[in-house]
Amino acid sequence: MAHWRFKASKFKNAAPTVPKPEACIRDICVGSYQSYGNSIAASAAFMAFNVDHNGSNLAVLPIDDCGRKSKTMPLLHAHSDTVTDMAFSPFHDGLLVTGSQDCLVKIWHIPEKGLEESLSQPECVFSHQQRRVETVSFHPTADFLLTTTSYATVALWDFNEEKELQTSAEGSDVVQSLSWRGDGMIFATTCKDKQLRVQDPRSNLVTHSANSHQSLKDSRVVWLGDPNWILTTGFDAARLREVIIRDIRKFGDPVKILQLDSSTGILVPLFDVDTNMLFLAGKGDTTIQYMEVSERDPFLIEGLRHSGEQTKGACLVPKRALQVMQAEVNRVLQLTSNSVIPITYQVPRKSYRNYHSDLFPDTASPLSPLLCSQWMAGENKSLSKISLDPEKRQEELMQVHRGNLAEMRASALQKQSNKIHVKETPTNGVSMPPKPMPRSRGCIVDTPNNNHANEHILVENTPQPAARVTKANNGLVNSNYKSMQPRLGPRPYAPPSFGKEIACTETNGKGATSPDPADKPICEVDNKDVEEAEELPQANSKQEDQTKNDEESVKVSEDASEKLSIAERRRLYETRSASVQEAPGSLSPTPLRRRNSLKTNHKQPETICEEPKVVAAKNKVVEQAARAPERTSTVFGRVSKFRHLKGTFMPKAFHIENIRNISQQLPKECDGFHANPIRAAVPLSGPGGKIAVFELDKTGKLPDGVIPALVNGSSVIDFAWDPFDYSRLLVACDNGTVRAWNISDGGLSESTNEPTLILPGIGEKISFIKFHPLARDVLAIGLFDLSVRIWNLKEQKEILQISGHTDQIFSLAWSSCGKFCATVCKDTKIRVFEPRKSVEPLREGVATEGLRGSRVLWALDSSLLVVAGFDKISQRQILVLDAINLSNVLATVGLDVSPAILIPFYDVDSSTLFLTGKGDSTVYVFEVTKEAPYLCALSHHRMDSLHQGLSFLPKNECNISAVEFAKALRLTNNSIKPISYTVPRIKTELFQDDLFPPTRVTWEPAMEAGEWFSGVNKLPQLVSLKPEGMLSLSDNQTNNTNNGGSKASHVSTKINSWEQESIAETRNKIQMAVSNRMELCKKLEQDDMEGVEAEEWDEE
């Protein structure tokens, strides 16, 4: 028998094969990212990798995709900052987890067909507070178990119940890498404190610890095939790259130390347990090393190297996706700066006709043997094995798709319930099948053995579609949300026959009802409503009959769902959900919604201002429905009409270009750019405090030379247009003066230094100026003496003053009713004043902790206050506070790290919040809601260049017929560009009254300055934005409903008509139509030719 050293390995000749360029993914843009992740991940169905220079977006493509990629391909808009790590679930090929520098961890569901449109709504979100996420990984054996690291903290999450299970911080510095052992019992970590640790998370103990690589640079760890061996890569004290193998039974003594070279890129170890093949891909290297791990010296046997392009990241493709009939034993996906290259490792064989079983041992199954809760309870189960032989393997296991997170939860609940049912049901010698589970998604079912017809229960462990943001240490941070979009919408709701009392039960996420009465949801039903319900038994029966008909209609629609487009299914879903919630004949309260339905202890904020009344303005007809009903949440989570908003630049003919010498030295309290529907004001650099005024109707390239400007004689501190007079501009200067300029028709023809008015007697250095939103000639001036003076510009004198600040005032905002104002200061306090009643603040609260600057505004009819600023580690942050109780912080959203102060703009009609800063290239967009999570991320608008400011125009400037709900002007380094924010709609010829409720008239004053100072309160008028001669969408839907019933039945009827008309009949109709348009001639061309007689053929 030959010695083992000379025993031939089956994989020693495995050779890397680089495909042709046509078989690679090309024309992508990949930046350089400072992270501990691999920048690319793969499942048996998809690959995901960072794109763009920022790295906040991911491209998700099929695993066998190739060719050139368009810049407009659908992306996963994952985070607001660089994605540091990502991983696919081993039990679901479409479940992806991402971690980012924005301190958030998000779980995404990739549809089985891939991304057909950009995705920005995650399944669920977790938060690590103030620390960026370093690594993310799934547990190798337990389903629904996620591991994340942030700085020195390792956290375990149960994303089935969306809660944190455990955190540990054994190290004193950043955790650089984490790897689970194959059996899922322990994991190993490498840390920047130069320690390698092995931990048992369930006992929260460090079982082994040893000194690792002696450099502070990056290091990685991976478990080898032997359950006791660990391999790490890193740098030694001389900064040489090295590979170390350790045995946990002798942890202090390395089994093998292999020193390589002095390159600066960290070696990313990729290990295949089935074949003991190890790949070392160095970031920045042009080679990928292949080694085979052996049980004896020399332990690492070097194979053939691959040389090619510079590596940005690398990952292994799961064995289930390999071409086994071509002897492909492994495949490495190499991410470069502009491509993804699949490098195939093939073992040479004489023939590839047969399956080579010696090359492909049975591999791990994608079926999880236990759940997260079972693993936490102490159970350990190993993964089963499956064959890769095409004749033996189960094709359904080659790619596993389990639906979205809600469907996964329902499936896990079904499996667990079936086990319990089979275990507890007495068989009496007869095999009893398990009882089928009721319909998921919160449907109401009758209780078993129910003697009372009126008693109902809510199915426990019903999947909750809304993404709840869970924070480490059991806090709550609100961020992005998930708008669930099922295939065909909810099942029609059948209202129960109400008794005198209605009790609701709610699960606490642990499979049992909550015993705390304070957390118990209450259905708000009046006794009067209950009595009316008892007096209408016939109505109940009719309602039940109608429900049965609706269910039959739903069943027909579900059968034809595959023939409907995505848009048709979405419309069908929204129509049904609206009919369920807003049906006038329903006996349940409208809406029958649980308090704190999103499981938060925050009360719904109360407004401190009255709602404006709807009146006619300028002879415009106001709709009878004053305001569109607020869409809060349905049984499937939040649904926002603006979730697919789109920001586009208007054509170049509307741009103003060749603007020179734009000032970038303005104070942080100044927004830097202001515009109204006629003019735009831009500060210019240089002495004299110059402000250029551009007429928006004079577009094109400005001529070279001196730009006419307003010369103020001193540095500009702040400036603002009068909201009711588009020709008046007020400028606050460094010398403590406020100058008023009236711009004549046609704009500035030459520079001028003669203002129309200079406010006398201010004296103190000015911080900002702010016009009143409702009263003409009312101006608030913030001073460095920590006070705010309120002036009557018509009388040119100071009337009111508010104080109580202890540090510099950053920003002031008036409430929508004009009675209150709010300020944020450098002392991190937010204060609310009623200036006509008191000099001192009504209430105080804590705002953002950063000292670099902040902004404040009111939202939702002055019931909420939104503060944009910085946290204590200079990360940009958004807070939502209750305007009544400023100590109640409803939501906290961290964005990114940037020195620019976020400048907010709030659209009242759509409740949309836009935020951007000077020098940014992204406009962050959120929807402000009255329920958790209060800030819901929409489609952020990312641009290809930086801007110096953004100014939004009044609502009456929007192009309503193009479904434009907001319009802004963008100031770049040399131009002004209009931006249009629209919502995609199909029937654009109709007035979208669900998007455009009657709007507030902000371009005309509601009162004069004297009235406001005397204590008068007037609300703004509401005017309809409906263009003349344009039909409303709601009226059109009503007509369609009256003619053909509900939209669901209309679609079902249409589908049935298609089925009744056969394909043959349709083909005949087409042929007849074509024949009628063509001249039919049956005469052949050969008939006119002289041929050979028939008898001549017989002659020889």
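Please read these numbers as outputs of a predicted model, since none were measured by experiment. (Residues numbered from 1 in each chain as written. Predicted model: local features only at pLDDT ≥ 70, side-chain atom pairs only at ≥ 80, totals over all residues. Heavy atoms only, no water.)

(A) Representation of the pairing of strand E22 (residues 229-235) in the model. Counting buried positions along E22 yields 7 of 7 residues, so the element is predominantly enclosed. Here E22 shows no split at all, with Trp229, Leu231, Thr233 and Phe235 on one side and Ile230, Thr232 and Gly234 on the other all buried. When strand E21 (residues 220-223) meets E22, the two strands line up antiparallel, connected through 4 bridges. Its bridge partner lying in E22, tryptophan 223 is registered against isoleucine 230. In this antiparallel pair of consecutive strands, E21 and E22, the connection spans 5 residues. Examined bridge by bridge, E22 and strand E23 (residues 241-247) share 7 bridges and lie antiparallel to one another. Bridged to phenylalanine 235 within E23 is arginine 241. Between E22 and E23, which pair antiparallel in sequence order, lie 5 residues; one of them, arginine 239, sits at a positive phi of approximately 65 degrees. (Buried < 20%, exposed > 50% of the residue type's maximum accessible area, 1.4 Å probe, protein only. Helix = DSSP H or I, 4+ residues; strand = E, 2+ residues; numbered from the N terminus. Pairing = 2+ DSSP bridges.)

(B) Just the sheet that holds strand E14 (residues 145-150), in detail. Taken in spatial order, the 4 strands of this open sheet run E12-E14-E15-E16, and their pairing is antiparallel. With partners counted over all chains shown, the strands left at the sheet margins are strand E12 (135-138) and strand E16 (163-168), one partner each. Across this sheet, the average inter-strand angle for adjacent strands is 20 degrees, counted without regard to direction. Of the strand pairs in this sheet, E14 and strand E15 (residues 153-158) are connected by 6 bridges, and their pairing is antiparallel. Each bridged residue has a counterpart across the sheet, and for leucine 146 the counterpart in E15 is tryptophan 157. (Axes fitted to C-alpha atoms, helices over the stretch in contact; angles between N-to-C directions.)

(C) Spotlight on the side chain of serine 120. Mapped onto the elements of the fold, serine 120 is located in the loop between strand E10 (104-109) and strand E11 (124-127). If near-sequence neighbours (up to four positions away) are discounted, serine 120 is found in contact with His77, Trp108 and Ser939. (Contact = heavy atoms within 4.5 Å.)

(D) Region of interest: the pattern of salt bridges. Enumeration over the complete set of coordinates arrives at 37 salt bridges. Two residues, glutamate 395 and arginine 393, come together in a salt bridge whose shortest N-O distance is 3.1 Å. By relative accessible area, which is 22% here, arginine 393 ends up partly exposed. We note a salt bridge from arginine 876 to aspartate 920, for which the minimum N-O separation is 2.8 Å. Note that arginine 876 is positioned in strand E61 (residues 875-882) and aspartate 920 in the loop between strand E64 (912-916) and strand E65 (922-928), a separation of 44 residues in sequence. (Salt bridge = Lys/Arg side-chain N within 4 Å of Asp/Glu carboxyl O.)

(E) Structural view of the side chain of serine 911. Following the sequence through the fold, serine 911 ends up in the loop between strand E63 (903-907) and E64. With a relative accessible area of 9%, serine 911 lands in the buried category. A polar atom in the side chain of serine 911 sits 2.6 Å from the backbone oxygen of valine 928. Serine 911 has contacts with Leu860, Tyr906, Phe926, Glu927 and Val928, leaving out every residue within four places of it along the chain. (Polar contact = N/O pair within 3.5 Å; in protein donor to acceptor, adjacent residues only side chain to side chain.)

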